[in-house]
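# Architecture and fold: a report
One-letter residues, chain by chain:
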Amino acid sequence: MSLVEVSQLRIAYDEVTAVHDISFTLDRGKIYGFVGPNGAGKTSTIKALAGVIECTKGSIVLNGHDLEVQREKALRHVGYMPDFSPVYESLKVWEYLDVFAAAYGIKAEDRPHHVEKWLEKSDLVSKRETLIKGLSRGMRQRLVLAKTLESDPIILLLDEPASGLDPIARKQMRDLIKETATQGATILISSHILSELSEFVDAAIILEKGKLVVAGTIEEIRTQTGGGQTIIVRFSDENAGSEILRKLLASEGIAPQRVSQNKNEYVIRFNNAEEDATKFLNKILTSGAAIAECSVKNDTLEEIFLKVGAKEVA
Amino acid sequence: MNIFNLKNNALFLSCWHERNRPVQLGCFILLLAGALFLSFLTISYGERNAEKIAENFFYVVVILQAIVLLLIGSLFVGHLARRERVNETLDFHRNSPQPVMEKILGLVFGGTWFEWLLFVVFFFIELPFVVLKSISLSGLLLFNASLMMTGLFFHTVSAGSAIMSPNKKRISPLLIIFLLLIFGGPLIAVIFASAQSIFFAHLFGITASQYINPALRNDFHGWFYTFDLPPIVLQGIIQIPLILLMIKGMKRVFSLPNSPAWAKADVIRFCAFVFFLITGFFMSHYLHFDQLAETGQSYRPYSFFTPERFLEQSASLYLFLLLAGGMYVSFFAVPSYFKRSKYMALRERKGSCRSDPFNDGATSWPTLLFYLIIGGLFLVPYIALQKIALGQAAAAFLMIGSHVLAFAGFLEFFRLGRFRTNKIFFITILIMWWVFIPWLASINSGYNLEKLGMIMVLSPFGGFLYAIGKFSVSPEVNLSFMSLGIICFIALAMWGLALQEHAAMNKKVQS
């Protein structure tokens, strides 16, 4: 079931049209990567979904409620974290969480326990009484993420949540996001760190210059964009590899996109031909050739993006 | 929604936590106690009459109560509301499901809870002073009620102005106007002394002072139109609609982030309200002119005027407000490119948006027409009292109206056209249109008064003088019908340009 339905969304500022008539849906319990270079319209789209800016055209339906018509109902279960950390510098860490717990209807008597729980989850217990102006950027990010998650949102919009976080904090953040998704929330997460995104997103939406390039699960995108697999084979004998490969490809009628060689290592690239790649892999492993090492690598989100981004829009 | 459930109000809590620091509160109380103590020492020196000393003590408490609530309270609430805008935490509150009214209450009272607490403390300190002959319990209660209303008004304006700022890095122009009014209000009152000083006195709650100081009782008459109203009622008539207007503005800031703070209908209501007040005070002053002159009120130099001069000056002021108000309304009524696009797109989506002339994205001319009709209606008492020929009055009104429409047309052309991102274009054209062309033409006219006058009407200032001329008992500026024709033609030309942009946008949205 779709929790978010975006239809023909256009966001035109006085100076520029940031988003051009994009449509997509987000399903319950899935994590979506929102990918695009700077100025692609990611932040504008997320802000429009969070009700922070209005759209010029199109409609946004959140959990069955039109944002334009039933604003309060639509935003009731939305958690939003912007690309920087809007905080009250002069509040203490626990006070900040307390304020936003109240904003999402958690009663005064339940809040102390609630705040403690989120201080622990975000690893900020030791900073409980610290003024926010004394926190590092990473800690602020963690605090804002905790604030976003503490309302138990079913639609979570995260704009560059990992920026400024150290590797340990990034892992904690990933775990928190995955945990939220397993509870049935839909998560839309934009990030420049595509290698990291591809580790835990179920699907992706790629934007470029305000236009939607491609959307779907990683597999679907890989198929749609002609993405594929890369098989790397290292033969024990440097001279034998070339001949074995040539024979194998000719006899089975397999036509890889590209074959490149570096001494005894061969990189065989298959675009949009998973069957061929599997067939080739089976054949080479059972061919009896002296293979020192063999590995298969699917295209990462980063590779897909680099491949399709500019080309599709142009 | 429970508006008194402040312990669950997020915006109230954010302000409460920030201000609820023992060191800050302690220092504040220490400073206040020091000021109170030193004031007591100062005023009691040299006094031998115990009643007089007690009275002076009372006034010190009252003054401090007013300073704490009105000045310090307004500064704090403005600071805390501005913090929401600068930090962009406002976006989180926009996004939160808390009812908008709760958010507004939290912002206004969260920033001032300590000042309200002190207000109550001061009230209890003042209570024993009712044993004095000059201070009655009813007077004290009315004074406090009046002060509360003014406090609420100041705090609402301060909070509203801070969050309505279109740019988070700059102070809102509204806030600057507000501060100018607070500190420059009395000065403005003196400038417009002959007509509006009572308005400012009520606006700033100065009228409250008469409840505790019998000597001031004659200074603030409660006349409004033909009614003799209690001062606190008049104060309410002025302040309460303005409080409601600010609340409406804040509601829109929370729920419609890219829209002007006030809807077109709100701006029209506000202008109608201002015209209603100004005309009301003008009529009451005109009708009671002799009595006012007899009382010799301190900052209203009526002794220099005759009723005729007063009437003429009031009419001039009204016409100036009609012109300036029209330009002010234009800024709200002319849609931005964003709003216009949205409006057109929604209209395309069947049933999503009806054709509403007061929609943020609708063209501005229906709003301005409405404004001019209301402005024209409130002009009637001036025409009737001054016994001006209808033709002359119509010419004056048409001149002001044409200037307003011409300005709005140009603004609409600018905001929807390709020059919209270059504000300097707008300013340059205005300077050329209002200053340079009349200037150049006046040089060419050889300073012939008749020709000069005809050219000067190109600018609204010249047009305003022309309109005054039509209103004067002995017109000093009397121009030909052609002048009026020129400015009507300019208004039409500007709207022609604006309509061209409408057509171009229509094409773009449909594509």
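Residues numbered from 1 in each chain as written. Chains lettered and ligands numbered in written order. Predicted model: local features only at pLDDT ≥ 70, side-chain atom pairs only at ≥ 80, totals over all residues.

Before going further, it helps to spend a moment on the overall build of chain A. Counting its regular elements, chain A contains 11 helices and 14 strands. Within chain A, the proportion of its 314 residues that are buried is 46%. The contacts of chain A with a sequence gap of at least 6 include a subset with a gap of at least 24, amounting to 71%. (Helix = DSSP H or I, 4+ residues; strand = E, 2+ residues; numbered from the N terminus. Buried ≥ 20, exposed ≤ 12 C-beta atoms within 10 Å, placed from the backbone. Contact = placed C-beta atoms within 7 Å.)

Looking now at the overall build of chain B. Across its full length, chain B holds 21 helices and 2 strands. Here chain B holds 511 residues, and 43% of them are scored as buried. In chain B, once contacts between residues fewer than 6 apart in sequence are set aside, the share between residues at least 24 apart is 76%.

All names here are of chain A. Two numbers describe how helix H5 (residues 137–149) lies on helix H6 (residues 167–182): the axes approach to 11 Å, and their chain directions differ by 10°. Looking at the two axes, H5 sits roughly parallel to H6. Taken together, the residues of H6 that come into contact with H5 (itself represented by Gly138, Arg142, Leu145 and Leu149) are Ala169, Met173, Leu176 and Thr180. Looking at the contact of H5 with H6 residue by residue, the class counts come to 5 nonpolar, 2 polar and 1 charged. (Axes fitted to C-alpha atoms, helices over the stretch in contact; angles between N-to-C directions. Parallel < 35°, antiparallel > 145°, perpendicular 65-115°, else oblique. Nonpolar A, V, L, I, M, F, W, Y, C, P; charged D, E, K, R; others polar.)

This part is about unusual backbone geometry. Across residues other than glycine, the phi torsion is negative in most instances, and most of the peptide bonds are trans. For Lys209 of chain A, which is not glycine, the phi torsion reads 50° and is therefore positive. Here Lys209 of chain A lies in the loop between strand S9 (203–208) and strand S10 (211–217). According to the C-beta neighbour criterion, Lys209 of chain A is partly exposed, with 18 such atoms within 10 Å. Even without being a glycine, Tyr225 of chain B presents a positive backbone phi close to 50°. Residue position: Tyr225 of chain B is located in the loop between strand S1 (223–224) and strand S2 (227–228). Owing to 14 C-beta atoms within 10 Å, Tyr225 of chain B belongs among the partly exposed residues under this scheme.

This next bit is on the packing of helix H15 (residues 365–377) of chain B against helix H17 (residues 390–416) of chain B. Residues and elements named next belong to chain B. Put simply, H15 and H17 touch, their axes get as near as 11 Å, and they point 160° apart. Between H15 and H17, the crossing angle belongs to the class labelled roughly antiparallel. Our pair here, H15 against H17, has a crossing hand that is right-handed. When H15 is examined against H17, the residues Trp365, Leu368, Leu372 and Gly376 are found in contact with a partner set consisting of Phe397, Gly401, Val404, Leu405 and Ala408. Classifying every residue of the contact of H15 with H17 gives 7 nonpolar, 2 polar and no charged. (Left-handed = near helix turned anticlockwise from the far one by under 90°.)

Before going further, it helps to examine the interface of chain A and chain B. In this complex, chain A contributes 33 residues to the contact, which on the side of chain B involves 31 residues. Elements represented by at least two residues in the side of chain A that touches chain B include exactly helix H2 (71–75), strand S6 (78–81) and helix H3 (93–103) of chain A. Ranked by the residues each element gives to the side of chain A that touches chain B, the list is headed by H3 of chain A, at 6 residues. Taken together, the residues that form the side of chain A that touches chain B break down as 19 nonpolar, 4 polar and 10 charged.

Here we come to the sheet that holds strand S11 (residues 228–235) of chain A. Residue and element names in this part refer to chain A. Taken in spatial order, the 4 strands make up an open sheet running S12-S13-S11-S14, and their pairing is antiparallel. Of all the strands in the sheet, the pair left with one neighbour each is strand S12 (258–262) and strand S14 (291–298). Between one strand axis and the next, the sheet turns by 15° as a mean value, whatever way the strands run. Of the pairings in the sheet, the one linking S12 to strand S13 (residues 265–271) comprises 5 bridges and is antiparallel in character. Note on S13: the bridge partner recorded for Ser260 is Val267. (Pairing = 2+ DSSP bridges.)

This part covers the confidence of the model for chain B. Mean pLDDT over chain B works out to 82, with 83% of the residues at or above the 70 mark. With pTM at 0.82, the complex prediction returns an ipTM value of 0.80. (pLDDT = per-residue confidence, 0-100.)

Turning to the environment of Gln239 of chain B, a few remarks are in order. Residues and elements named next belong to chain B. Position of Gln239 relative to the elements: it lies in helix H10 (residues 231–255). Taking C-alpha positions, Gln239 is 6.3 Å from Leu203, a pair spaced 36 residues apart along the chain. With near-sequence residues (within four places) excluded, Gln239 lies in contact with Met149, Thr150 and Phe153.

The next thing to look at is the confidence of the model for chain A. Confidence along chain A averages 84 in pLDDT terms, with 96% of residues attaining 70 or more. Mean pLDDT across the secondary structure elements of chain A bottoms out at helix H11 (residues 301–313) of chain A, with 63, and peaks at H3 of chain A, with 94.

This part covers the nonpolar core. The biggest cluster of nonpolar side chains holds 199 residues, and the ones touching the most others in it are Tyr32, Tyr96, Leu157, Ile187, Ile189 and Ile205 of chain A. Take this core: its biggest share by element is 15 residues, from H17 of chain B. Here Ile187 of chain A is in contact with Ile31, Tyr32, Leu156, Leu158, Ile177, Thr180 and Ala181 of chain A, once residues within four sequence places are set aside. Of all hydrophobic cores here, the second largest spans 10 residues; its members include Val233, Phe235, Leu245 and Ile268 of chain A. (Core = buried A, V, L, I, M, F, W, Y, C linked by C-beta atoms within 7 Å.)

All names here are of chain A. The strand order S6-S7-S8-S3-S9-S10 describes an open sheet built from 6 strands, whose pairing is mixed. Every other strand in the sheet has two partners, leaving S6 and S10 as the edge strands with one partner each. The average angle at which neighbouring strand axes cross in this sheet is 15°, direction not considered. By the bridge criterion, 4 bridges tie strand S3 (residues 31–35) to S9 in an arrangement that is parallel.

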